[in-house]
Amino acid sequence: MVLTSSIGYPLSFSISVSPTQLTGADVTALLTEHNALWLKADGTQLLMQKLAAVGSLAEAGPESDDATEHYCQSIRLFGKPADGALLYKLRMLIPEAIGLKASLFQPHLQLPVALLIQLSAGISTELQQQLHNFANQQQIELVYLNQSVQLSKPGLLVMDMDSTAITIECIDEIAALAGVGPQVAAITARAMNGELDFAASLTERVAALKGAPQSVLQQVLDNLPLMPGLTELVNYLQQQHWRVAIASGGFTYFTNVLQQRLALTATFANVLEIENGVLTGKVVGDIVDANTKARAVSQLAETYGIATHQTVAIGDGANDLPMLKTAALGVAFHAKPKVQAAVSARINQGSLLQLLYLLDPA
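Worth saying up front: this structure is predicted, and the values here are computed from it rather than measured.

Some words on the sheet that holds strand 13 (residues 311-315)
One open sheet accounts for 7 strands, arranged 12-11-10-9-13-14-15; its pairing is mixed. The sheet is open, and its two edges are formed by strand 12 (278-284) and strand 15 (345-347), each paired on a single side. Neighbouring strand axes in the sheet, compared pairwise and without regard to direction, differ in orientation by 25° on average. Of the pairings in the sheet, the one linking strand 9 (residues 156-159) to strand 13 comprises 4 bridges and is parallel in character. Pairing of Met159 across the sheet is with Ile314, part of strand 13.

Here you go:
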């Protein structure tokens, strides 16, 4: 239906269809043509509506164009195209009084187009969990944000290294080459799940490496697999004048190389003691643990004059939780169940570059 004013300009239009009639390509085409549409659920129908002219905010209600600037909360949908059926189910989960404005979002040319849904009001923790359950059922990435991190303003990203910036746990690879792989890997798994004290578990694992030649470190370094999207993410953030750092419970033998390759602002990691080309089974100095990683976020933000609300941290293990909670935006990436349960922003599949979906361009 199209309504026009007395001089012929369109005031509004709406498209009401059965959700199953709209494929992901149809939704993308509609949003490409109309820039943004309000989403409503009408019985068994999905209503996509655009309002082009309103008399006042009071007359228009929460779904007016004039109210858009007040839409601070948002849902980011990515990982696969969102079709009409998915949008209908999503709209039905959220109270009718909350306006939903949908638009397309592609923060980087190497990323597929995603869906940005702005909300006129915040939602409860219980509803957020329902949305995460919904996303799991729909096999789509869904992140609800109640505040905005601006890509165009100075910012800070602090990353974990093992299983985040790279795809492996370095200590497990070292242990495998040293002949104590299963023993060390079992301890690592328990530590990352939060079942063991991290510092104590690291001390035990490093002790198991005693007598291993330094050459095993170089073997791991020579085959260090970067997480897909790492280089592109770091380069893009640096182009936007962001600071990027690694805070790791791993080892400087690897973080130092990553710092050089990626021109990172800083790295924090543990120093393995090596004497006469052999690992002694000890760490030099204080252990970089969960609290150290959390302090890294605050210290770097203060050092470089970055506002607290512009700080982001990303990691996968239990020892990353204090860091994720210190940053304004803490993201669980391919994370252990305990970590996913403790933070609201989660990326379960795909590359690190997808972090850009969670940042606003302006």
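A look at the pattern of salt bridges
Tallying each qualifying case throughout the model produces 5 salt bridges. Salt-bridge contacts for Glu195 lead to Arg190; the nearest nitrogen and oxygen are separated by 3.3 Å. Among the residues examined, Arg190 registers a relative accessible area of 42% and is labelled partly exposed. Taking the shortest distance from any N to any O, the salt bridge between Asp320 and Lys293 comes out at 2.4 Å.

Structural notes on the packing of helix 3 (residues 84-93) against helix 4 (residues 125-138)
Look at helix 3 against helix 4: their axes get within 11 Å of each other, and the N-to-C directions meet at 165°. On the basis of the axis angle, helix 3 is roughly antiparallel to helix 4. Relative to helix 4, helix 3 is oriented so that their crossing is right-handed. On helix 4, the residues touching Leu86, Lys89, Leu90 and Leu93 of helix 3 are Leu127, Gln130, Leu131, Phe134 and Gln138. Looking at the contact of helix 3 with helix 4 residue by residue, the classes come out as 6 nonpolar, 2 polar and 1 charged.

Here's the deal with empty space enclosed by the protein
Scanning the model with the defined rule gives 2 cavities of 30 Å³ or more in all. Contributing to the lining of the largest cavity are 15 residues, with Asp162, Glu169, Phe198, Gly249 and Gly250 lying nearest its centre. Listing elements by their share of the lining of the largest cavity, those giving two or more residues are helix 6 (170-177), helix 8 (198-207) and strand 10 (243-251). For the lining of the largest cavity, the element with the highest residue contribution is strand 10, accounting for 4 residues. When the residues that make up the lining of the largest cavity are grouped by side-chain class, the tally is 6 nonpolar, 4 polar and 5 charged. A volume near 70 Å³ is recorded for the second largest cavity.

What about helix 7 (residues 181-192)?
For helix 7, spanning 12 residues, the distance from its first C-alpha to its last is 16 Å, which sits close to the expected 16 Å at 1.5 Å a residue. Buried within helix 7 we find Gly181, Val184, Ile187, Thr188, Ala191 and Met192. The buried residues of helix 7 all sit within an arc of 140° when viewed along its axis, so they share a single face. Against helix 6 and helix 8 lie the buried residues of helix 7. At the C-terminal side of helix 7, Gly194 shows a positive phi close to 80°.

What counts and how
- The residue count restarts for each chain, going from 1 along the sequence in the order it is written.
- Only residues with pLDDT of 70 or above have their local features reported here, since the model is predicted, and side-chain atom pairs are shown and tallied only from 80 upward, although totals for entire chains, interfaces and linings are computed over all residues.
- The basis for every side-chain value is the complete set of non-hydrogen atoms in the structure, without hydrogens or water.
- If DSSP finds at least two bridges between two strands, the strands pair.
- Each helix is a run of H or I in the DSSP string that is no shorter than four residues. Each strand is a run of E no shorter than two, and both are numbered from the N terminus.
- Note on geometry: axes are C-alpha line fits, over the in-contact stretch for helices, and angles between N-to-C directions span 0 to 180 degrees.
- Note on definitions: salt bridges are taken to be side-chain nitrogens of Lys or Arg within 4 Å of carboxyl oxygens of Asp or Glu.
- Only protein chains enter the accessibility calculation, which uses a 1.4 Å probe. A residue is then buried if its area is under 20% of the maximum for its type, exposed if over 50%, and partly exposed in between.
- Note on terminology: angles under 35 degrees are roughly parallel, angles over 145 are roughly antiparallel, angles of 65 to 115 are roughly perpendicular, and the others are oblique.
- With the far helix as reference, a near helix turned anticlockwise by less than a right angle produces a left-handed crossing, and one turned clockwise produces a right-handed crossing.
- Every residue pair with non-hydrogen atoms within 4.5 Å of one another is taken to be in contact.
- Just so you know the grouping, Ala, Val, Leu, Ile, Met, Phe, Trp, Tyr, Cys and Pro go in nonpolar, Asp, Glu, Lys and Arg go in charged, and all remaining residues, Gly too, go in polar.
- A 1.4 Å probe that fits but cannot get out identifies a cavity on a 1 Å grid over protein atoms alone, an open set with protein on both sides within 12 Å along at least five of seven lines counts as a pocket, and a residue lines either if it has an atom within 4 Å of a point.
- Grid points are joined across faces, edges and corners, and a volume is the space filled by probe spheres set on the points.
- In this analysis, the expected span of each helix is defined as 1.5 Å times one less than the number of residues it contains.
- Arc definition: directions from the helix axis to the C-beta atoms.

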